Amino acid sequence: MHISEGILTGPSMAITLGLGATAVAYGVHATNRFVATKPQRKPLLAMAGAFVFLVSLVPLPSYAGTCSHPCGTPLAAILLGPGVTILLSCLALFLQAAFFAHGGFSSLGANTITLGVVGGCSGWATYHLARRAGLSRLWAGALAGLVGDVLTYVAAGFTLAAHLAWVVPQPKMDLIGYLKVIYAGYLPVQTPLSIGEAFFTGWALYSIGRQRPEVLEDLGVEDKPAAKSKAKAAVKTAAVALLLMALPLLAHATDQAPAAAAPAAAQAHPVDTPVPGAYTGMDEKVNEAMAAAGGAPARAPFLNTEKLGDLWNLILLLGGAIAAVSGLLALLSCLSDGVRASMLASSTAISTGQVNVAGYFKAGPGRTVPLLQDAAKLQALVAATLPDLDYQVARGRAWVKLVGPHGAQQVNVRSVDILREPALPHALAMAQGSFLALTQPGTTVIFNSLAGKMGLRLGDEVSLEGPTLRGMANAVDLRVVGLVQDIGPLNRFNLFVPTASLDALYQSKPGSSGVLQLYLKGLDRAPQDVALLRQALEAAGYSVMDDEPGFYFQKLDAMDHQDWTGLRLDLTQWQDEIGPMRWTLSALDALTWTLVSILLAIIAVGLMNVQWIAIRERTREIGTLRAIGMQRGSVMVMFVMEAFCLGLMGTAAGAVLGCLLSLGLDAAQIPVPEGAQIFTMSNRLHFALDPVKIIGGALVITLCCTLVSLIPSFKAARMRPVTAISHVG
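Residues numbered from 1 in each chain as written. Predicted model: local features only at pLDDT ≥ 70, side-chain atom pairs only at ≥ 80, totals over all residues. Heavy atoms only, no water.

(A) A look at the overall build of the protein chain. Along the backbone of the protein chain there are 26 helices and 12 strands. In the protein chain, which comprises 729 residues, the share counted as buried stands at 50%. If you take every contact in the protein chain between residues at least 6 apart in sequence, the share linking residues at least 24 apart comes to 78%. (Helix = DSSP H or I, 4+ residues; strand = E, 2+ residues; numbered from the N terminus. Buried < 20%, exposed > 50% of the residue type's maximum accessible area, 1.4 Å probe, protein only. Contact = heavy atoms within 4.5 Å.)

And the structure:
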């Protein structure tokens, strides 16, 4: 299946790469369509990609003394479709060529065609034809696995033979001759391998059909048998006959390969007892030997981690794991900071200040109104109390009914003086109209979803209905002058009106407000400023409520049943005003550290194993160092420093990659699903870099790696020099 790097050149490479690129382009289109129509099956898509990568990479030993690789694409194509399987095959082959010396980049097109196009499409078509002919799921899957595997190697053999016969200068055989040689080399190993893949594919589909039949129905795999029993028996008989044909062909394979090519194959992949005149089995070495004998030698792979040895592979794998954990921590940290920043920017521009002084007024037992009378006096007191106050905004608030031509809705009304609030137009994106229209009396700006729910358009007339300060029913007429893009479900109940309109609804005197929204020069001083304000307000004779986070309209319902009258003030910070949404940040931080802790525990076990292996392989080196005078403490420090350097380099690389990925995702402006906007208060995902947090997280991971290495390092330091030198590894 794998044609190695450098074998295909000239027209063969150009044609196969072109055909492969065309097939992969179709695969990308098919995958996008699959994800769009079946988003709940994304985990299955990822597992199928890992399955194709693993199955086509792992060598299976054969009786002939060599090994071969199964395909896995027939099963993937049956479940996900041939187009998706083509893309998964290309990705798997790319990784194999880049890191495992299987296949090559110059032959990537040819290998993609044989494995993804021929193997996947033939398996998919065979399964559906067999099901329509009346075969059971077990037999149809087995036949699809057999045909897909066999045709994959038929296509690979034809590609190699055609290149050797038609492209290589001075070919030694014609196409038919090369096909005989190649197929004779494939047959001893690929025949039993194909039978094994047939068994596995049929068994997998049979098991899925019994345990999770809804998966097959959702993927469109299940076709109802439509043929008569005779057709079913005929196809089943043909399948059995095809399987039985492998036995005589296997016995006859040793007579098919020309003896002249056998020495090259045997030399490329020697075995203990080579059979004269025949290939010893099929893997890349045999492919390379046949290509070399035909005048098309392979090139060395660009990267071959297999030659590094087990210890270095483990070190690279562990370093990659450390980098992955560090990168994940950096990515989640940037996401948490981005959500916090977007939540702060949206909430402080729309519904709250960084610190708030809210008023609740009761003229008598019963209904509570969110009202601050004589707001100017409070503003002066706030300005005199807070030295780090940047500016303050007075806003009215009301929880009343919006009545339109097609229905009514309870809404959260906020009165604004738009000329004094430059941040509001920048925080919200207008779909239609303008915020500046709020300078006109009797106007309103609402969110798109509220307008759609009530059937409102720009210019429509609506009314606000609610009680006055004395509890009398009242209403004011408004005209819709702006529609705002949605940024979360809760904000869809908000609308903005001029201050005069809310005064008319409450029949309150000018200068009244509902809340003072305070904006500070430094957000970190908000808790201290709340404490200062509480002291100043209580000293001035105001009644101040205890700390109680939550939406203000929820507090209104509770106050309606309380026995008090007059004015009470409520001091809150921005996170108190957004209610349950503030738990998003805590939950995200907890999820981040929980996930990182689990991954760190896995890395700790891996690091200890790597160090044990390193100590075992360097036992004689340790003994020599101890014999020439190195102290135990120095041996221990040597191994601890190795772990420290590995952890430091891994975390540094991971942190850099995590930051770059965060910047890329932030620039991509990924839309936030509608249900998640309640937590982010934004219609797109934001990422923000905090260097202190990222560096701190990387140092924590490095410190954990260093501490874990103390146990094996201590054991290495306690070795006796004589015993260590005489150790035979």
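(B) Highlighting the nonpolar core. With 32 residues, the main nonpolar core has Ile7, Leu160, Ala161, Leu164, Leu175, Ile182 and Ala296 as its most contacted residues. Going through the elements one at a time, α1 (10-37), α4 (82-99), α5 (108-132), α6 (137-166), α7 (175-211) and α11 (284-293) are the ones with two or more residues in this core. Among the nonpolar cores identified, the runner-up in size contains 25 residues, and Ala451, Val462, Leu483 and Leu505 belong to it. (Core = buried A, V, L, I, M, F, W, Y, C linked by side-chain atoms within 4.5 Å.)

(C) Main features of α6. Here α6 contains 30 residues, and its C-alpha end-to-end distance of 42 Å stays within 8% of the 44 Å for a straight helix at 1.5 Å per residue. Most of α6 is tucked away, with 23 of its 30 residues classed as buried. (Expected span 1.5 Å × (residues − 1).)

(D) Main features of the pairing of strand β5 (residues 407-416). Burial runs high along β5: seven of the 10 residues are buried. Inspection of the sheet shows strand β4 (residues 389-404) paired to β5 by nine bridges, in the antiparallel sense. Each residue of the ladder has a partner; that of Ala398, found in β5, is Val413. In this antiparallel pair of consecutive strands, β4 and β5, the connection spans two residues. By the bridge criterion, five bridges tie β5 to strand β10 (residues 494-498) in an arrangement that is parallel. (Pairing = 2+ DSSP bridges.)

(E) Structural view of the packing of aromatic side chains. Using the criterion set out here, one finds nine aromatic pairs in the structure. Note on Phe51 and Phe200: the rings are 6.0 Å apart at their centroids and 20° apart in plane angle, and the pair reads as stacked. One end of the pair, Phe51, is in helix α2 (residues 42-55); the other, Phe200, is in helix α7, and 149 residues separate them in sequence. Taking the ring centre of Trp564 as reference, the NZ or CZ of Lys362 above it sits at 5.2 Å. Over the face of the ring belonging to Trp564 we find Arg568, whose NZ or CZ atom lies 4.6 Å from the ring centre. (Phe/Tyr/Trp six-rings, centres within 6.5 Å; stacked < 30°, edge-to-face > 60°. Lys NZ or Arg CZ within 6 Å of the ring centre and 35° of its normal.)

(F) Spatial organisation of the packing of α1 against α4. The geometry of α1 relative to α4 is characterised by a closest axis approach of 7 Å and an angle of 115° between their N-to-C directions. Of the two elements, α1 crosses α4, and the hand of that crossing is left-handed. Side by side, α1 and α4 meet where Ala23, Val24, Tyr26, Gly27, Val28, Ala30, Thr31 and Phe34 of the first sit next to Gly83, Val84, Ile86, Leu87 and Cys90 of the second. Residue classes in the contact of α1 with α4 are distributed as 10 nonpolar, three polar and no charged. (Axes fitted to C-alpha atoms, helices over the stretch in contact; angles between N-to-C directions. Left-handed = near helix turned anticlockwise from the far one by under 90°. Nonpolar A, V, L, I, M, F, W, Y, C, P; charged D, E, K, R; others polar.)

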